[in-house]
Amino acid sequence: MLDLKKIEVRAGNGGNGSVSFIREALLPRGGPGGGNGGSGGNIIFISDSSILSLDKFSKRHHLIAENGKNGLSHKKNGSKGKDLIIKIPVGTEIWDISDEKNKKLIADISENNESIVVSKGGNGGFGNAHFVNSVNQEPLLAESGQEGQIKILLLNLKFIADIGIIGLPNAGKSSLLSVLTQAKPKIANYPFTTIDPNLGVISDYKGQKIIVDIPGLIEGASSGYGLGHKFLKHIQRTKFLVHLVDGSEDNLIDKIIQINDELRSFDNELIKKPQILCINKCDLEEVKISIDKIEKLLSNYKLPHSKLFFISTKNNLGINNLKEEILSIKSTKVINHKSDSTIIKPKVIQKTIQKVILKESDNLYRIIDEEIIRLVRGSNMENWDARVQLFNILTKRKITNMLITNGIKNGDTLIIDELEFEWE
Ligand SMILES: Nc1nc2c(ncn2[C@@H]2O[C@H](COP(=O)(O)OP(=O)(O)OP(=O)(O)O)[C@@H](O)[C@H]2O)c(=O)[nH]1
Ligand SMILES: [Mg+2]
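The model shown is predicted, which means the values in this text are computed figures rather than measured ones. (Residues numbered from 1 in each chain as written. Chains lettered and ligands numbered in written order. Predicted model: local features only at pLDDT ≥ 70, side-chain atom pairs only at ≥ 80, totals over all residues.)

Participant: Looking at this structure, how should I read the overall build of the chain?
Facilitator: If you tally the helices and strands in the chain, you get 10 helices and 20 strands. Taking 2.2 N^0.38 as the reference for a compact globule, 424 residues should give roughly 22 Å; the C-alpha atoms of the chain span a radius of gyration of 32 Å, well beyond that estimate. For the chain, the spread of C-alpha atoms along the three principal axes comes to 105 × 55 × 35 Å. Burial analysis of the chain (424 residues in total) assigns 38% to the buried set. Contacts in the chain between residues far apart in sequence, at least 24 positions, make up 71% of those at least 6 positions apart. (Helix = DSSP H or I, 4+ residues; strand = E, 2+ residues; numbered from the N terminus. Rg over C-alpha atoms; globule rule 2.2 N^0.38 Å. Buried ≥ 20, exposed ≤ 12 C-beta atoms within 10 Å, placed from the backbone. Contact = placed C-beta atoms within 7 Å.)

Okay, structure coming up:
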């Protein structure tokens, strides 16, 4: 089961605005008619509780949304790029890891049908019709489309279940899930039968609870031994743990302590979760006769469980009581557990004056303003009149003044995007 996946997302670029003029027999004077480009498609994730893994991403490394179409003549706007909508399981954390040193949690999807735009499509560029004004009736400028966002995401699925069943391999965890719920997990008399977590739903007229059965834990699980460690994250968000023990095992207490130690060393919060201890396989004669002894023995130790049940998944001993107990657990909101990396809250973006020009050397200046660059990309700068119009916009936006204040003089070079202009 895939529960961790790195993927690149590329939203669509906006379409370019168009430069065109309406010149028709009935419209002798015509006018600028270049339409705007359409915006690029977004990449949107929507949670779907029927999806239980990230398996469908196993062969997908990139998600790409459609680009917006370019604007057309007669003021026709280009169509928008289609959004790419992807379903993901509930319980998925979405991390932006584009900057390895500054990973950001974008979202932690905890409900069904939540949607989030993970990568925003670029805006379409304005066509020349947009630039018409009282002074300029024949604009020759249009904008190129804005680029869509590109990000590298890490999807980390952590199941959202109410109850987690934990214990050593072969304790009977999957058997317990199968008697409490309709789930049909694989059960067999050897360790590590379960290699992926199983989910089941237990319900009565009062409500329902989701139970997760994870692969057996062994000593060292928290530091990577066996399979359990890979799946311990799936019990991080449960409200309650059912700690299952095979009653026929020797050194019962040591084994119970061992599992609790593994929980503690993986994540100290796990040991603070309410825990029910269940001694299983009480149908076996050897266990049946030592129930009192086990109970007495357990009372001598300070263990984290709050209740003790003696059960058998074979003959259903104690199962109804356990079911009742599980269903009576109050449904409090799942506390979102802290993750491996720190969660960076979105920063309030301070409105700062964006840098517009760069002085690269004594006689080399560059304009780095996005809007101006998009105008240069979207227009035919070979056309002298278009250059004049661009210059007028620079003047209107006080960029010309800025250049002069920064010392630009005749003969210097001004670079915008990939074009070089000589300053006169
Ligand atoms: N006698 C008896 N055997 C049981 C009981 N519950 C489970 N078993 C048996 O114990 C063995 C292991 O059961 P599983 O449910 O696969 O155990 P598990 O804890 O899920 O094991 P892993 O997935 O390998 O960690 C199987 O042979 C079961 O039939 C029980 O109450 N009594
Ligand atoms: Mg199992």
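Participant: When you look at the site of ligand 1 in this model, what are you seeing that I'm missing?
Facilitator: The full set close to ligand 1 counts 24 residues, and Gly 172, Ser 174, Asn 189, Thr 194 and Gly 216 are the nearest of them. Take the shell around ligand 1: its biggest share by element is three residues, from helix H1 (residues 173-180). Its residues assigned to classes, the shell around ligand 1 shows eight nonpolar, 12 polar and four charged. (Near = placed C-beta within 6 Å. Nonpolar A, V, L, I, M, F, W, Y, C, P; charged D, E, K, R; others polar.)

Participant: Whenever I open this one, the sheet that holds strand E20 (residues 419-422) confuses me. Can you help?
Facilitator: A sheet is described by the order of its strands in space; here four strands give the open sequence E17-E18-E19-E20, paired in mixed fashion. For this open sheet the edge positions go to strand E17 (357-361) and E20, each flanked by a neighbour on one side alone. Averaged over neighbouring strand pairs, the angle between their axes works out to 25° when direction is ignored. By the bridge criterion, four bridges tie E17 to strand E18 (residues 364-367) in an arrangement that is antiparallel. (Pairing = 2+ DSSP bridges. Axes fitted to C-alpha atoms, helices over the stretch in contact; angles between N-to-C directions.)

Participant: Please explain the domain arrangement of the chain as it appears in this structure.
Facilitator: By a widespread convention, an interface's size corresponds to the accessible area lost as its parts come together. Domain boundaries in the chain define domain 1 (4-157), domain 2 (163-328) and domain 3 (357-422). For domain 1 and domain 3, the distance between their C-alpha centres works out to 28 Å. The interface is formed by 12 residues belonging to domain 1 together with 11 residues belonging to domain 3. (Domains from an automatic or database assignment.)

Participant: What is the right way to look at unusual backbone geometry in this model?
Facilitator: Note on backbone geometry: most residues besides glycine have negative phi, and most peptide bonds are trans. Of note, the phi angle at Lys 75 is positive, near 60°, even though the residue is not glycine. For Lys 75, the position within the fold is in the loop between strand E5 (62-64) and strand E6 (84-88). Look at Asn 170: it is not a glycine, yet its phi comes out positive at around 75°. Relative to the helices and strands, Asn 170 is located in the loop between strand E11 (163-167) and H1.

Participant: Quick question: what am I supposed to make of the sheet that holds E11 here?
Facilitator: The strands that make up a sheet pair up through hydrogen bonds in the backbone, lying either parallel or antiparallel. Taking strand neighbours across the sheet as the criterion, the six strands line up as E12-E13-E11-E14-E15-E16 in an open arrangement whose pairing is mixed. The open sheet is flanked by strand E12 (198-204) and strand E16 (307-310), the only strands paired with a single partner. For this sheet, the mean angle separating the axes of adjacent strands, direction not counted, is 25°. Note that E11 and strand E13 (residues 207-213) share three bridges and pair parallel. In the strand pairing of E13, Gly 164 is matched with Val 212.

Participant: So what exactly am I meant to see when it comes to the nonpolar core here?
Facilitator: Generally speaking, nonpolar side chains in soluble globular proteins are found buried as a group. Ile 211 and Cys 278 are the most contacted members of the largest nonpolar core, which has 38 residues in total. With five residues, strand E14 (residues 240-246) is the single largest residue contributor to this core. If near-sequence neighbours (up to four positions away) are discounted, Cys 278 is found in contact with Val 242, His 243, Leu 244, Val 245, Phe 309, Ile 311 and Leu 322. One finds Val 9, Ala 11, Ile 43 and Leu 155 within the second-largest nonpolar core, a separate group that totals 15 residues. (Core = buried A, V, L, I, M, F, W, Y, C linked by C-beta atoms within 7 Å.)

Participant: What is the right way to read the environment of His 130 from this model?
Facilitator: By the element assignment, His 130 lies in the loop between strand E9 (115-119) and strand E10 (150-157). For the pair formed by His 130 and Lys 76, sequence separation is 54 residues and the distance between their alpha carbons is 12 Å. Apart from residues no more than four positions distant in its own chain, His 130 is found in contact with Gly 17 and Asn 36.

Participant: Help me understand the environment of Phe 159 in this model?
Facilitator: Following the sequence through the fold, Phe 159 ends up in the loop between E10 and E11. Along the backbone, Phe 159 and Asn 410 are 251 residues apart, and their C-alpha atoms lie at a distance of 66 Å. Once residues lying within four places of it in the same chain are set aside, the contact partners of Phe 159 are Gly 91, Pro 197, Leu 199, Val 212 and His 234.

Participant: Looking at this model, I keep getting lost on the pairing of E20. Mind explaining?
Facilitator: Sheet faces and side chains relate simply in a regular strand, where the side chains alternate between the two faces. For strand E19 (residues 413-416) and E20, the ladder comprises four bridges, and the chain directions are antiparallel. By the bridge assignment for E20, Ile 415 is matched with Glu 420. What sits between the antiparallel neighbours E19 and E20 is a turn of two residues, in which Asp 417 has the positive phi angle 55°.

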